[in-house]
Amino acid sequence: MIHEPLVLGIETSCDETAVGIVRGRKLLSNVLSSSVDEHARFGGVVPEIASRAHLEAMGTVIEAALHQSKVTLNEIDAVAVTGGPGLVGALLVGVASASGLALGLNKPFYAVNHLAAHVSVDLLTHQLPVEPTIALLVSGGHSSLLQVDDITSSITKLGESMDDAAGEAFDKIARVMGLGFPGGPALDRESVGGNSSAIDFPRGLTQSSDWQTRPFDFSFSGLKTAVARYLESTPNYNRADVAASFQEAIVDVLLLKAIAACKKTGIDSLVIAGGVAANARLRAVAQERCENSKIQLRIPAPGLCTDNGAMVAALGSLMVSAGRAPSPLDAEADSSLSVTTVSLV
Ligand code: KG4
Ligand code: ZN
């Protein structure tokens, strides 16, 4: 078994063509080409545009990542790629590129889960073993609470959003407020200086009956409707106050449930991962509440929270070190891969 494998990871599940290289737990390079500007005028990611952009960018991004890492392709010990979930056409470009590369190099190929990769990127920031841990995974397509006993083999879903993902709620509210796409970073900026208790927006699934039946599930559709109604009925609304109050409602619920999951399972470690984990308010409130509850908090650097190649390489590196079986070279990308399936076999 290779002690500190040199792993190249490719991510193409959405609008980012991203390649990262890690050696063991050390990040060597993280290069990204985004087609976000090409989607902005449509208010969301257009799959066909994303797939074409991946094809165009792939070669250049791989070369740039190798160059920055000061390694050559021949030194790579394994190739990892996002095998799902994501946009199927976009995933296919990554999987075809990565399996071709692995075949050419005669090196193992790991088609891994995008969501598990989001969680595992934490190891590039915090070197200590993270398991067992509770993971709050909050991205544009998913919001889940997970119990991670071993990121390479044992992930249990404790709960998830019944409707929109947290990032999706940010994106939709930003759109109605005319803040553009993607909405998360825009709302994050807009909320600065706003009063987070100006408007008391609803916290979904936090009634006492919900704590009995759906303690670790989320729902953001009521919040979305409440914000939309507020905007309609208040023509001269204060943008910063609405942004801050909306953000507070999401942050509050996410952390209430994440900390409850730590307490229920007796696991005193929490990893927050996915694009929404870049949110400044979520990071600050998490820090405060975890300190109060004596929970060890880990959140990757903001640039590693949103989609990137390093997270895929990180999970690939862990798979190699744990001696997990590689994926077959003809593994098929799975656009709806379950969060509990770590890799395609
Ligand atoms: O993980 P990610 O990059 O892609 C997916 O796997 O979906 O997450 C993207 C989501 C988007 O909805 C985006 O608006 C949100 O993460 N996001 C944020 C912030 N940065 C990105 N949400 C709130 N605050 C941010 N600073
Ligand atoms: Zn993601």
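None of the values given here were measured: they were computed from a predicted structure.

Undergrad: Can you tell me about the site of ligand 1, naming the residues and giving the values?
TA: In the vicinity of ligand 1 there are 19 residues, among which His118, Gly140, Asp171, Gly184 and Asp188 approach most closely. In the environment of ligand 1, an oxygen atom lies 3.0 Å from a nitrogen or oxygen atom belonging to the backbone of Asp307. Relative to its free-state accessible area of 550 Å², ligand 1 is covered by the protein chains to the extent of 88%. Elements represented by at least two residues in the shell around ligand 1 include exactly α4 (114–120), α5 (166–176) and α6 (183–190). Counting residues per element, the shell around ligand 1 draws most heavily on α6, which supplies 4 residues. Its residues assigned to classes, the shell around ligand 1 comprises 4 nonpolar, 12 polar and 3 charged. Per-domain counts for the shell around ligand 1 show at least three residues from each of domain 1 (6–122 + 305–321) and domain 2 (131–299).

Undergrad: Got a sec to walk through the environment of Ser153? Specific residues and values, please.
TA: You can see Ser153 is positioned in the loop between β7 (143–150) and β8 (154–160). Owing to a relative accessible area of 41%, Ser153 belongs among the partly exposed residues under this scheme. Setting aside residues up to four positions removed in sequence, Ser153 forms contacts with Arg324 and Val342. One polar contact links Ser153 to Arg324, side chain to side chain, over a distance of 3.4 Å.

Undergrad: Residue-level account of the packing of aromatic side chains, with values.
TA: Inspection of every chain in the model, using the stated rule, returns 3 aromatic pairs. Seen from their ring centres, Phe170 and Phe246 are 5.3 Å apart, and the 80 degrees between their planes marks the pair as edge-to-face. Taken together, the residues span a long stretch of sequence, with Phe170 in helix α5 and Phe246 in helix α9 (residues 239–265) at a distance of 76 residues. Judged by its relative accessible area of 2%, Phe170 falls in the buried class. Owing to a relative accessible area of 1%, Phe246 belongs among the buried residues under this scheme. Seen from their ring centres, Phe218 and Phe220 are 6.0 Å apart, and the 10 degrees between their planes marks the pair as stacked. Taking the ring centre of Trp211 as reference, the NZ or CZ of Lys257 above it sits at 5.0 Å.

Undergrad: For the domain arrangement of the protein chain, give the residues involved together with the corresponding values.
TA: For the protein chain, the assigned domains are domain 1 (6–122 + 305–321) and domain 2 (131–299). Each of domain 1 and domain 2 was reduced to a C-alpha centroid, and the two centroids are 27 Å apart. On the domain 2 side, the residues contacting the 16 residues of domain 1 number 18 residues. When domain 1 packs against domain 2, the two sides together hide about 1400 Å² of surface, and 79% of this comes from carbon and sulfur. Sorting the residues of domain 1 by area buried against domain 2 places Val119, Asp122 and Cys305 first, and these three jointly supply 37% of that buried surface. For the pair domain 1 and domain 2, the interface holds 0 salt bridges. At the boundary of domain 1 with domain 2, the tally comes to 2 residue pairs in polar contact (both at pLDDT 80 or more). Every element with two or more residues in the side of domain 1 that touches domain 2 is listed here: α4 and α12 (310–321). The element contributing the most residues to the side of domain 1 that touches domain 2 is α4, with 5 residues. Its residues assigned to classes, the side of domain 1 that touches domain 2 comprises 10 nonpolar, 5 polar and 1 charged.

Reading the values: rules and limits
Residues numbered from 1 in each chain as written. Chains lettered and ligands numbered in written order. Predicted model: local features only at pLDDT ≥ 70, side-chain atom pairs only at ≥ 80, totals over all residues. Heavy atoms only, no water. Near = heavy atom within 4 Å. Polar contact = N/O pair within 3.5 Å; in protein donor to acceptor, adjacent residues only side chain to side chain. Areas by Shrake-Rupley, 256 points an atom, 1.4 Å probe, with all protein chains shown as cover. Helix = DSSP H or I, 4+ residues; strand = E, 2+ residues; numbered from the N terminus. Nonpolar A, V, L, I, M, F, W, Y, C, P; charged D, E, K, R; others polar. Domains from an automatic or database assignment. Buried < 20%, exposed > 50% of the residue type's maximum accessible area, 1.4 Å probe, protein only. Contact = heavy atoms within 4.5 Å. Phe/Tyr/Trp six-rings, centres within 6.5 Å; stacked < 30°, edge-to-face > 60°. Lys NZ or Arg CZ within 6 Å of the ring centre and 35° of its normal. Buried area = accessible area lost by both parts, 1.4 Å probe. Salt bridge = Lys/Arg side-chain N within 4 Å of Asp/Glu carboxyl O.

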